[in-house]
Amino acid sequence: MSFYLQHGHGKSTRITDAYDDGSAAGVIFSPRNEKIDKLNDYIAELRSLGHLDLMLDPQFHISTVSPPKDRYLPDDYGYYQAGRTTRDFTGARKIQKYAQETLDFQHAMDLDRLVAPTVILSAFSDRWSQIALQLADASCDHHGGMSSPKPLLLSFVVSESAFDSRTEVDQFLDELTTWDATGFYICIVRDEATYTQRFDPDRFAHLMYATYVLGELNDFEVAFGYADYLGLALRAAGASAIASGWSQSLRQCHSNTFIKTDNMARRPLVRFSSGPLLNTILLSELEQIHGFGRLNDVLSGVGLDAEITRSTSPESSDWNERLAERHHWQTLADIDSTLGSGVRSNVRGLLTRVAHAQSLYSNLESIGVRFSRNCNGDHLPDWDEALNEFVRIAMP
Amino acid sequence: MGDVPNLTPEQIEAELDGVSDIHPVGHGGQKSVFSGLIDGQRFALKFLKAPGDELDSDDTEFDYTPDMVVRAKREVETMRQCQSPYMVKLGPIGLEFITISGQPLVFFTEELIAGADLQAEYARPRKCLGISDVVQLGVQITNAVAAIWELKKVHRDIKPGNIMRRENGDFVLLDAGLAFDKLGESVSGGGLVGTPIYFSPEQFEYTSRRTVLDFRSDLFALGVTMYQLATGQHPFYVRGDQSGDVYSKIRNANPTPPHEINGDISQELTDIILRMMGKSPHLRFRKCEQLIERLISVEGS
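These figures come from a predicted structure and were not determined experimentally.

(A) Geometry of the overall build of chain A. For chain A, the count of helices and strands is 14 helices and twelve strands. Against the compact-globule benchmark of 21 Å for 396 residues, chain A has a radius of gyration of 21 Å, which places it among compact chains. By principal-axis analysis of the C-alpha atoms, chain A measures approximately 65 × 50 × 35 Å. In chain A, buried positions account for 50% of the 396 residues. For chain A, the share of sequence-separated contacts (at least 6 apart) that also reach a separation of at least 24 residues comes to 71%.

Here it is, written out as structure tokens:
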């Protein structure tokens, strides 16, 4: 199993609940949302539960996009400094210092992986990409000299538009595959700020291709943060782990994620994650489906489905945000558990799921179910095209 | 033959102290090759024409260093440093600048390996090497590639003509004269040198700033070599092809899977050879050890 929780604001008992449910195999911690003492205590608490893969996304990259006044991370994360510009990355000594401070910080914690610092790339040929490569290189060097370190994951935070150019992706992969690290921790920065399963098919195919090259061909561990449903396709292509969290900003990464706001977040509408639809839908939409006598068709086949089925209808059940979160992770973990080690058969299986979801959506719509934007099946043709394109380019 | 020194054993013996019983072996590239006894052991003696007036036999450094001299230095330096048992060994005399019968020459010695190279024995007559020999060649030459890469160098000229076999059956990689040094002075600036029908796609494109040239280029050439020796045919080149045809095929064509040409080749070995010839470095093996492990598993099965 390889589904991880993306930690964030307000963890409460969410992580332990997911562990008890058997859906989370690991946690990716967010320094922004935890002071270091509390985080260390919490790690000790999780260790006492049993085995969970624990790692920390150092969020070093946010230092280049957050204003100097906004520290973003609590003061006790010494490697972090807000308001860094390209000038802060000139000279090998500075780069080495960032790598050293970030890795040494994690080395002192009880984590299973060390995650290298990085910066945010908009394109694989931009100035920041060179800085990211230098940070990765310096991290490998520093890690090589550490005493009994945990395995190193090189980190990349990349705009989805960087995957437009196959040539640039290829050149970047040529460089990434030269490093002697255990693997990569990758976050894709989405163009669209709203939570959606849509993804440009060419970009998606190139992203799957990169995952396949790193994970399947070159035997690197590849963990995707903020991956959610899209992560299932990346797992099929060779990723070793995918993560998702409780809020939408922990399920998909967007540049807004890096901006600290004091605004009160709008209370999200209660959702239901449907494995057969490969999407989350609103509880009101689930109610419509129930009204047409088709509830069983969209249930995920996981334990928490029972919270819905034991009531007379979805809207009369005790379904709430917390149950919806846990059910969402169970659904992702359940689909994830069906993925084996063969990329070709994984993709074939996922294409079958996509075809089934398309047919189910059109059937439900034909009987009168109305889905809102981002809850409908618009993402499925993208997925179908992307998966087929991926097979064409990766396994001709 | 104009670029090859014209020497006789008698001329050499008269000039070189401590070398006796000299016999001609042949010519390779711009080199005249002889065998001779040094301290009772037989070595290869290699001579190249030195660039005339600029050379003084007592000098070891020159303001003007032509490619040929750089290559000879690179070859000697690589042989001296390389730890692989499957890379030809430097003899007791390293690089020297000498004059024999008025000819200014560059001279060095190396391990003498009897017999012909694999180009002469197999590739030119289009004969196949036995499959277990192809696997052994893959393992041993990959070991040499790994050791050269330890020095942060890329051989850049792996081909049947640069591989020989010792009497004990081991394969040996020769001629590191074109080695590309990631850290130091480069022969031809990393540009187009070597034998184009064994070039990796990235060797053709080395002028591009982003092109990565590393040991994986050597794995490509080794893959082509293994393909050729296992099937009796070159994966990209047929007689009469122009250089543009070869470039295009190396970049774009998918060769016929080796097991479809020679039924003795397993699917597993086919997969390995085709992966070695991946169009991008990231499609090949990222560690020589991984390739060796895969080849050994084929050998075992």
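Structure shown, so let's carry the discussion forward.
(B) Representation of the overall build of chain B. Scanning chain B for helices and strands turns up ten helices and nine strands. Here chain B holds 301 residues, and 42% of them are scored as buried. Considering only contacts within chain B whose residues lie at least 6 apart along the sequence, 64% involve residues at least 24 apart.

(C) Summary view of the interface of chain B and chain A. Each partner contributes residues to the interface: chain B has eight residues there, and chain A has ten residues. For the side of chain B that touches chain A, the per-class residue count stands at three nonpolar, two polar and three charged.

(D) View of the packing of helix H7 (residues 228-237) of chain A against helix H13 (residues 343-366) of chain A. All names here are of chain A. One can describe the packing of H7 onto H13 by two numbers: an axis separation of 7 Å at closest approach and a directional angle of 150°. Here H13 runs roughly antiparallel to H7, going by the angle between their axes. Contact residues: Leu232, Ala233, Ala236 and Ala237 in H7; Val343, Asn346, Val347 and Leu350 in H13. Of the residues that constitute the contact of H7 with H13, the class distribution is seven nonpolar, one polar and no charged.

(E) Up close: helix H3 (residues 92-107) of chain A. All names here are of chain A. Counted at 1.5 Å a residue, the expected span for H3 with its 16 residues is 22 Å, and the 22 Å between its end C-alpha atoms agrees. Residues of H3 that are buried: Ile95, Tyr98, Ala99, Thr102, Leu103, Phe105 and Gln106. The buried residues of H3 occupy one face: seen down the axis, they fall within an arc of 155°. If you follow the buried residues of H3, they end up packed against strand S3 (53-56), strand S4 (114-115) and helix H4 (127-144).

(F) Focus on the environment of Gln59(A). Summarising the element assignment, Gln59(A) is placed in the loop between S3 and H3. For the pair formed by Gln59(A) and Arg87(A), sequence separation is 28 residues and the distance between their alpha carbons is 19 Å.

(G) Main features of the nonpolar core. With 119 residues, the main nonpolar core has Leu135(A), Met208(A), Ala233(A) and Leu234(A) as its most contacted residues. Counting residues per element, this core draws most heavily on helix H6 (residues 201-217) of chain A, which supplies ten residues. For Met208(A), the contacting residues outside a window of four places in its chain are Ala233(A), Leu234(A), Ala237(A), Ala386(A) and Phe390(A). Counting 73 residues, the second largest nonpolar core, distinct from the first, contains Val19(B), Val145(B), Leu229(B) and Cys288(B).

(H) Representation of the packing of helix H4 (residues 131-150) of chain B against helix H10 (residues 288-300) of chain B in the model. Residue and element names in this part refer to chain B. Packing of H4 against H10 brings their axes to within 9 Å, and their N-to-C directions diverge by 165°. With respect to H10, the axis of H4 lies roughly antiparallel. The handedness of the crossing between H4 and H10 comes out as left-handed. Counting all contacts with H4, which are made through Ser132, Val135, Gly138, Val139, Thr142, Asn143, Val145 and Ala146, the residues of H10 involved are Cys288, Leu291, Ile292, Leu295, Ile296, Val298 and Glu299. Split into classes, the residues belonging to the contact of H4 with H10 amount to ten nonpolar, four polar and one charged.

(I) Structural detail: the sheet that holds strand S3 (residues 41-49) of chain B. Residues and elements named next belong to chain B. The five strands are arranged S1-S2-S3-S5-S4 in an open sheet whose pairing can be described as antiparallel. Of all the strands in the sheet, just strand S1 (19-28) and strand S4 (96-100) have a single pairing partner and so form its edges. The mean angle between the axes of side-by-side strands here comes to 35°, regardless of whether they run parallel or antiparallel. Bridging between S3 and strand S5 (residues 103-111) involves seven bridges; their strand directions are antiparallel. Within the sheet, the bridge partner assigned to phenylalanine 43 lies in S5 and is glutamate 111.

(J) A look at the pairing of strand S2 (residues 31-38) of chain B. Residues and elements named next belong to chain B. Pairing of S1 with S2 involves seven bridges; the strand directions are antiparallel. From the neighbouring strand, glycine 28 faces S2, where its bridge partner is lysine 31. Counting the residues between successive antiparallel strands, the hairpin from S1 to S2 contains two residues, one of them, glycine 29, with a positive phi of roughly 60°. As judged from the eight bridges shared by S2 and S3, these two strands associate in the antiparallel manner. By the bridge assignment, lysine 31 is partnered in S3 with leucine 48.

(K) Just the environment of Tyr80(A), in detail. All names here are of chain A. Within the secondary structure layout, tyrosine 80 lies in the loop between S3 and H3. For the pair formed by tyrosine 80 and alanine 44, sequence separation is 36 residues and the distance between their alpha carbons is 24 Å. Setting aside anything within four residues of it in sequence, one finds tyrosine 80 in contact with Phe60, Ser63 and Leu73.

(L) Focus on the pairing of strand S11 (residues 271-274) of chain A. Residue alternation in S11(A) divides its side chains into two sets, Arg271(A) and Ser273(A) and Phe272(A) and Ser274(A), and both sets are buried. The hairpin turn running from S11(A) into strand S12 (residues 279-282) of chain A, its antiparallel successor, is four residues long, and Leu278(A) in that turn takes a positive phi close to 50°.

(M) Quick look at unusual backbone geometry. In this model, Asp228(A) sits at a positive phi of 55°, which is unusual for a non-glycine residue. Turning to its location among the elements, Asp228(A) is positioned in helix H7. The buried category is assigned to Asp228(A), around which 23 C-beta atoms lie within 10 Å. For Asp21(B), which is not a glycine, the phi torsion comes out positive at approximately 50°. Locating Asp21(B) in the fold gives a position in strand S1.

(N) Main features of H6(A). All names here are of chain A. When the terminal C-alpha atoms of H6 are compared, their 22 Å separation across 17 residues agrees well with the 24 Å that a helix rising 1.5 Å per residue should span. The buried fraction of H6 is high, at 14 of 17 residues. Phi for aspartate 219, located one or two positions after H6, is positive at around 60°.

Thresholds applied
- Residues numbered from 1 in each chain as written.
- Chains lettered and ligands numbered in written order.
- Predicted model: local features only at pLDDT ≥ 70, side-chain atom pairs only at ≥ 80, totals over all residues.
- Helix = DSSP H or I, 4+ residues; strand = E, 2+ residues; numbered from the N terminus.
- Rg over C-alpha atoms; globule rule 2.2 N^0.38 Å.
- Buried ≥ 20, exposed ≤ 12 C-beta atoms within 10 Å, placed from the backbone.
- Contact = placed C-beta atoms within 7 Å.
- Nonpolar A, V, L, I, M, F, W, Y, C, P; charged D, E, K, R; others polar.
- Axes fitted to C-alpha atoms, helices over the stretch in contact; angles between N-to-C directions.
- Parallel < 35°, antiparallel > 145°, perpendicular 65-115°, else oblique.
- Expected span 1.5 Å × (residues − 1).
- Arc of directions from axis to C-beta.
- Core = buried A, V, L, I, M, F, W, Y, C linked by C-beta atoms within 7 Å.
- Left-handed = near helix turned anticlockwise from the far one by under 90°.
- Pairing = 2+ DSSP bridges.

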